[in-house]
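Observations on chain architecture
Here's the letter readout for the chains.
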Amino acid sequence: MIAADPDAFAGPIALPQTLTISLTGITDLPPGKIAAVVTSLEMRAPPPVRPDPPGTDGFSLEPIDGRDTGRYLALYRLLGERWMWFSRLVKPLAELEAILTDSAVALHAVRREGRDVGLLELDFRMAGEAELAFFGLDEPVLGQGAGRWLMNRALALAWARPISRFWVHTCTLDHQGAVEFYQRSGFAVFKRSIEVDDDPRLAGRMERGAVPHHPVIA
């Protein structure tokens, strides 16, 4: 499973920034906009430990040096382009480096057969909390127990810190099974939101043909 980009809707490009949304019907978006329904989930205590699935011995977790933005962004694009991850692509480099090198942000690559196949990013910048900021796996390793394997490590790393809340959010641009996966992992839904932003493909932040199941409307 792949977590939705938590900042995916966080940067105006050029279009009007106000919109009245109907809570009882359809709201038309202006051309160039994208929208998603966001589901936020949390846990207040660590869940029971679950065993790693059979056949996952070949996976390993390796810290990413936050100064290596090239490696980070390559992995970010590999995993997130099909799900409209773009917040890291639109941030100024200095701002991105400040996040990635923050000691309260933990970056890990999932490795298999000598290559990066996944990303785990945990954000501890809010005291007493951890955010599952990015959680993604390359498509070829999905369905092999890699999601459960990685979640087991995310839970262990998060709850090893002095936190009382671990949370994540995902959206309708994400894998359709994401919410259920997080619920099976011990998270409970606490909020639903609507987020709207400019389509990053129109500004050249992503390939025009990326995310074809959400076509460009310009």
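Residues numbered from 1 in each chain as written. Predicted model: local features only at pLDDT ≥ 70, side-chain atom pairs only at ≥ 80, totals over all residues. Heavy atoms only, no water.

1. Re the overall build of the protein
In terms of regular secondary structure, the protein is built from five helices and seven strands. Walking the protein from its N terminus toward its C terminus, one meets helices and strands in the order β-β-α-α-α-β-β-β-α-β-α-β. Taken over C-alpha atoms, the radius of gyration comes to 17 Å for the protein, in line with the 17 Å a tight globule of 218 residues would show. Across its three principal directions, the C-alpha atoms of the protein cover 45 × 40 × 35 Å. Long-range contacts, defined as pairs at least 24 residues apart, comprise 74% of the intrachain contacts of the protein with a sequence gap of at least 6. For the protein, the accessible surface area stands at approximately 10,800 Å², while carbon and sulfur atoms represent 54% of it. (Helix = DSSP H or I, 4+ residues; strand = E, 2+ residues; numbered from the N terminus. Rg over C-alpha atoms; globule rule 2.2 N^0.38 Å. Contact = heavy atoms within 4.5 Å. Areas by Shrake-Rupley, 256 points an atom, 1.4 Å probe, with all protein chains shown as cover.)

2. Structural notes on the packing of aromatic side chains
Scanning the model with the defined rule gives 10 aromatic pairs in all. Judged by centre distance (5.4 Å) and plane angle (50°), the rings of Y76 and W85 are tilted. An aromatic cluster is built from F135, F166, F181, Y182 and F187, whose rings are joined through pairwise contacts. Taking the ring centre of F124 as reference, the NZ or CZ of R161 above it sits at 4.0 Å. (Phe/Tyr/Trp six-rings, centres within 6.5 Å; stacked < 30°, edge-to-face > 60°. Lys NZ or Arg CZ within 6 Å of the ring centre and 35° of its normal.)

3. Observations concerning the nonpolar core
L132, F135, M151, F166, Y182 and F187 are the most contacted members of the largest nonpolar core, which has 30 residues in total. Elements with a contribution of two residues or more to this core: β1 (33-43), β3 (105-112), β4 (115-123), β5 (129-137), α4 (146-159), β6 (165-171) and α5 (178-184). Looking at which element gives the most residues to this core, the answer is α4, with eight residues. Excluding anything up to four places from it in sequence, F187 contacts L41, E42, M43, M151, F166, W167, V168 and Y182. If you look at the next biggest cluster of nonpolar residues, it comprises 27 residues, including M84, L100, L107 and F134. (Core = buried A, V, L, I, M, F, W, Y, C linked by side-chain atoms within 4.5 Å. Buried < 20%, exposed > 50% of the residue type's maximum accessible area, 1.4 Å probe, protein only.)

4. As for the confidence of the model for the protein
Summing up the model confidence of the protein, the mean pLDDT is 91 and the portion of residues at 70 or higher is 92%. Counting contacts from residues 8-14, a segment whose pLDDT is below 50, to residues more than four positions away or on other chains yields 23 contacts. (pLDDT = per-residue confidence, 0-100.)

5. Examining the environment of D57
You can see D57 is positioned in the loop between β1 and β2 (60-63). With relative accessibility at 75%, the residue D57 sits in the exposed group. C-alpha separation for the pair D57 and A146, spaced 89 residues apart in sequence, amounts to 9.9 Å.

6. Some words on unusual backbone geometry
A positive phi is found at M84, a non-glycine position, where the angle reads about 65°. Residue classification places M84 among the buried positions, given a relative accessible area of 1%.

7. Focus: helix α3 (residues 93-100)
Those residues of α3 that sit buried are L96, I99 and L100. Buried residues of α3, viewed axially, fall in a sector of 95°; they line one side. Summarising the contacts, the buried residues of α3 are in contact with α1 (69-80), α2 (87-90) and β3. (Arc of directions from axis to C-beta.)

8. Some points on α1
Helix length check: α1, at 12 residues, gives a terminal C-alpha distance of 15 Å against a target of 16 Å (1.5 Å per residue), a fit within 8%. The set of residues buried in α1 consists of T69, Y72, L75, Y76, L79 and G80. All buried residues of α1 lie within an arc of 135° about the axis, which places them on one face of the element. Taken together, the buried residues of α1 touch α2, α3, β3, β4 and β5. (Expected span 1.5 Å × (residues − 1).)

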